[in-house]
Amino acid sequence: MSISIQNIHKTFGAFQALNHVNLEVPSGELTALLGPSGSGKTTLLRIVAGLESPDPQAQGQILFDGVPVTDNPVNRRQVGFVFQHYALFRHMTVFENIAFGLRVKPRGQRPSKDEIRERVFSLLKLVQLEQLAQRFPSQLSGGQRQRIALARALAIQPKVLLLDEPFGALDAQVRTELRRWLRHLHDTIHVTSIFVTHDQEEALEVADRIVVMNKGRIEQVGAPDEVFQNPASEFVMKFLGDVNVFHGRVHNERAVFTGEAHEEAGVRLLVRPHDLAVQVQPGAGLSIPARVYRVMTAGPLVKIELLDGQNRLVQVHVPHETYRATPVHSEQQVYLVPKESRLYGQDSERLEYVI
Amino acid sequence: MNDTKATTGFWSNAALTAAALLIVGVLIVLPLLVVLQQAFAEGAAAWLASVAEPDARAAVWLTLGVTAAVVPLNTAFGLAAAWAIAKFRFKGRSLLLSLVDLPFAVSPVIAGLVFILVFGRHGWLGNWLDAHNLRVVFAVPGILLATLFVTFPFVARELIPLMAEQGSEEEQAALSLGATGWQTFVKVTLPNIKWGLLYGVILCNARAMGEFGAVSVVSGHIRGETNTLPLHVEVLYNEYSFTAAFACASILAGLAIVTLVLKTVVEIKGEQAADNGGEA
């Protein structure tokens, strides 16, 4: 089932949560809404679910497979919604939690007792927690609770599955595991899914498509590779992964980065840590002077922390072999040479100067 | 040195415990014993006679009747008010919250007087009520209104913090699973608050049976008609019928003890339920 979001606008008092958002989510895909807190991603998800309504003045629409559902309340939208804090029914067993959506169906559509039992156990099998049917939510770990919440949402055979920061309340290890598991689950059941996250790594790892949001607007939509390799804006580049920012100015049609303290206004050069080379001598092209602050050799990459002329921290990641060829020590004066970089002007517009 | 410390601890603990026991004994246990002793001072037969006397019986029935009418109404009002206040943000929310608290803030006697001013013969609605041959003040409807007013906050006050703490995510989950509003209320909201609700109902019940001030103002003290049990006790006492007064008082005391036992049971059950389904 495809989802079409058309001109959705939402304000809470004076705060503009969503600013005329348009988005198409193709059928069967797993899409991530990625953005910092306050970017409107959760609000958008809740509007798709029907838990929140868009501002009526903008006459925005939500369509499932081309059919408008904007006026349907949440209980008639047939969406599976997974909450960040699980929202399991605390007075019901795991079995009853999953059976809930089937038991509340109108008499004509309600499955028989045996069918409900069968359905609940097949879902428990899907989330690999068959042995926990008679437990109460308080007796489960966070990861187990979230899997039960997912099974409960899937019980009503939803047209779309919506997950609000599904791993946000879990610790790092369980999170990575559940992330992989969610991807695997989606490959098994292929239900159109949208999940909200502020964790770029999570989005890059799990999603088919990433929608990057900022201040109630969509900054970029694309495959993980696309948004990472080809960010559409300075915001996307900064939000997806670590990035170093060098401040400089334009002089004689060329961008200049001397690393001097007075070069505040002007242009910014964005370079990812693995796109910087550390040299002892300045190169022929752009080389930015910096001073080594700290070197961390433990880990898959050598991490070098430096301070540029403006005393801003610069991070460089290099493979161990490269580092062994030209080792550096703290307080050493070196030159940084960007291999891949992007230049942005005062109003965040992309610039194409020779550097 | 450890020994000294332990001994000091022992003595201070003992002193505190003794003080607590003394206060409870003098203020609560002793009066209760006096009530019982006075009630049975002339033997069980005299007690029975006082209690079975028609006016006393009428007072018991009136009290039970008023309670039976008021508690369900205030349970419904309290639930509705708590639900609205705890789960929604709307204009006038804090006003509603203040209104819920109003009966706690206003002296019951003042509340009774307000009802007289509104419904009494010389009150705002007095002429209209007279014309339609309706009696509110110095009749059962007045007692009902006064008791309703005084006991209004109990259920709501018990539920508001509980419901606010639980939030509305479970309700949203139920709705997203296709439940109707009513199904959500019955299957999710109500089971989550049932012990708190029961606790509020018991407190409301206790106050409804024992209310004196507001009821005293609006009742008119008509024997066998508008005298509730607490009022009847006062009337008998003022007539120097001590045995009869204490006999009736012992019934109230008995009802209070039943309430206390129920309350304790509910509290324990509620805590167990919280332990089971606690921080889900």
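Computed from a prediction, not measured in an experiment: that's the story for all the values here.

## Looking at the overall build of chain A
Within chain A, the regular secondary structure consists of nine helices and 20 strands. With respect to the three principal axes, the spread of C-alpha positions in chain A is 80 × 50 × 30 Å. Counting only residues that meet the buried cut, chain A has 41% of its 355 residues in that class. A fraction of 65% describes how many contacts in chain A between residues 6 or more apart in sequence connect residues 24 or more apart.

## Topic: the domain arrangement of chain B
Residues and elements named next belong to chain B. The domain boundaries assigned to chain B delineate domain 1 (1–39) and domain 2 (43–277). One C-alpha centre belongs to domain 1, the other to domain 2, and the line joining them spans 33 Å. Facing the five residues of domain 1 at the interface are eight residues of domain 2. Split by residue class, the side of domain 1 that touches domain 2 holds four nonpolar, one polar and no charged.

## Brief notes about the environment of Ala223(A)
Residues and elements named next belong to chain A. Along the chain, the position of Ala-223 falls in the loop between β10 (217–222) and α7 (224–229). A tally of 14 C-beta atoms within 10 Å means that Ala-223 is categorised as partly exposed. Considered as a pair, Ala-223 and Asp-208 are 15 residues apart in the sequence and their alpha carbons are 6.0 Å apart.

## Observations regarding the sheet that holds strand β3 (residues 30–34) of chain A
Residue and element names in this part refer to chain A. The six strands are arranged β6-β7-β8-β3-β9-β10 in an open sheet whose pairing can be described as mixed. The strands lining the two open edges of the sheet, one partner per strand, are β6 (79–82) and β10. Neighbour-to-neighbour, the strand axes of the sheet open up by a mean angle of 15°, direction not taken into account. Sheet topology places strand β9 (residues 209–214) next to β10; five bridges connect them, and they run antiparallel. The partner of Val-211 across the bridge, within β10, is Val-221.

## Details of the packing of helix α3 (residues 54–87) of chain B against helix α8 (residues 153–166) of chain B
All names here are of chain B. The geometry of α3 relative to α8 is characterised by a closest axis approach of 8 Å and an angle of 30° between their N-to-C directions. Overall, the two elements α3 and α8 adopt an arrangement that is roughly parallel. Between α3 and α8 lies a crossing of right-handed hand. Between α3 and α8, the residues in contact are Asn-74, Thr-75, Gly-78, Leu-79, Ala-81, Ala-82, Trp-83, Ile-85, Ala-86 and Lys-87 and Phe-154, Val-155, Ala-156, Leu-159, Ile-160, Met-163 and Ala-164, respectively.

## What about the packing of helix α9 (residues 169–176) of chain B against helix α10 (residues 181–210) of chain B?
Residues and elements named next belong to chain B. At a minimum axis distance of 10 Å, the contact between α9 and α10 shows a crossing angle of 160°. Our classification of the angle between α9 and α10 gives roughly antiparallel. Crossing handedness for the pair α9 and α10: right-handed. Contact residues: Glu-170, Glu-171, Ala-174 and Leu-175 in α9; Thr-184, Lys-187, Val-188, Thr-189 and Asn-192 in α10. Split into classes, the residues belonging to the contact of α9 with α10 amount to three nonpolar, three polar and three charged.

## Thoughts on the interface of chain B and chain A
Think of interface size as the accessible area that goes away when the parts come together; that is how it is often given. With 20 residues of chain B in contact, the opposing surface of chain A contributes 22 residues. The set of elements that each furnish at least two residues to the side of chain B that touches chain A consists of α9, α10 and α13 (242–277) of chain B. In terms of residue count, the dominant contributor to the side of chain B that touches chain A is α9(B) (seven residues). Of the residues in the side of chain B that touches chain A, the class split is eight nonpolar, nine polar and three charged.

## What about the domain arrangement of chain A?
When cut into domains, chain A gives domain 1 (3–239) and domain 2 (244–351). Summarising the inter-unit geometry, the C-alpha centres of domain 1 of chain A and domain 2 of chain A are found 40 Å apart.

## A look at the sheet that holds strand β2 (residues 15–25) of chain A
Residues and elements named next belong to chain A. Strand order in the open sheet formed by four strands is β2-β1-β4-β5, with antiparallel pairing between adjacent strands. The sheet terminates laterally at β2 and β5 (67–68), the two strands that pair on one side only. Pairing of strand β1 (residues 3–12) with β2, which is carried by seven bridges, proceeds in the antiparallel orientation. Residue pairing in the sheet places Ile-5 in a bridge with Leu-23 of β2. Contacting β1, β2 and β4 (61–64), helix α1 (residues 41–49) runs over the sheet at an angle of about 120° to β1.

## Thoughts on the environment of Pro72(B)
Residues and elements named next belong to chain B. With respect to the helices and strands, the residue Pro-72 is situated in helix α3. A tally of 12 C-beta atoms within 10 Å means that Pro-72 is categorised as exposed. Residues Pro-72 and Thr-151, spaced 79 residues apart in sequence, show a C-alpha to C-alpha distance of 11 Å.

## Digging into the pairing of strand β16 (residues 302–308) of chain A
Residue and element names in this part refer to chain A. On β16, burial follows the alternation: Val-302, Ile-304, Leu-306 and Asp-308 on one face are buried, whereas Lys-303, Glu-305 and Leu-307 on the facing-out side are not. By the bridge criterion, six bridges tie strand β15 (residues 288–296) to β16 in an arrangement that is antiparallel. Note on β16: the bridge partner recorded for Val-292 is Leu-306. Adjacent in sequence and paired antiparallel, β15 and β16 are bridged by five residues, among which Gly-299 carries a positive phi angle near 120°. One ladder, built from six bridges, connects β16 with strand β17 (residues 313–318); its direction is antiparallel. Counterpart to Ile-304 in the pairing with β17 is Val-316. Hairpin connection of β16 to β17: four residues between the antiparallel strands, including Asn-311 at a positive phi of 60°.

## Overview of the nonpolar core
Formed by 80 residues in total, the largest nonpolar core has its most connected members in Ala32(A), Leu33(A), Val48(A), Ile98(A), Ala149(A), Ala151(A) and Leu162(A). Each residue touching Ala151(A), except ones within four places of it in the same chain, is listed here: Ile98(A), Leu123(A), Leu124(A), Leu126(A) and Val127(A). Membership of the second largest hydrophobic core comes to 58 residues, among which are Met163(B), Leu197(B), Ala206(B) and Cys248(B).

## Focus: unusual backbone geometry
The phi dihedral of Tyr86(A) falls on the positive side, at around 70°, and the residue is not glycine. If you trace the backbone, Tyr86(A) turns up in the loop between β6 and α2 (94–103). Given 25 C-beta atoms within 10 Å, Tyr86(A) falls into the buried group. Of note, the phi angle at Phe138(B) is positive, near 60°, even though the residue is not glycine. Among the structural elements, Phe138(B) can be located in the loop between α6 (126–131) and α7 (140–151). Taking the number of C-beta atoms within 10 Å as the measure of exposure, Phe138(B) has 20 and is therefore buried.

## Re helix α12 (residues 229–238) of chain B
Those residues of α12(B) not exposed but buried are Leu229(B), Pro230(B), Leu231(B), His232(B), Val233(B) and Leu236(B). Trailing α12(B) by a residue or two, Tyr240(B) shows a phi angle of about 65°, which is positive.

Parameters at a glance
- Residues numbered from 1 in each chain as written.
- Chains lettered and ligands numbered in written order.
- Predicted model: local features only at pLDDT ≥ 70, side-chain atom pairs only at ≥ 80, totals over all residues.
- Helix = DSSP H or I, 4+ residues; strand = E, 2+ residues; numbered from the N terminus.
- Buried ≥ 20, exposed ≤ 12 C-beta atoms within 10 Å, placed from the backbone.
- Contact = placed C-beta atoms within 7 Å.
- Domains from an automatic or database assignment.
- Nonpolar A, V, L, I, M, F, W, Y, C, P; charged D, E, K, R; others polar.
- Pairing = 2+ DSSP bridges.
- Axes fitted to C-alpha atoms, helices over the stretch in contact; angles between N-to-C directions.
- Parallel < 35°, antiparallel > 145°, perpendicular 65-115°, else oblique.
- Left-handed = near helix turned anticlockwise from the far one by under 90°.
- Core = buried A, V, L, I, M, F, W, Y, C linked by C-beta atoms within 7 Å.

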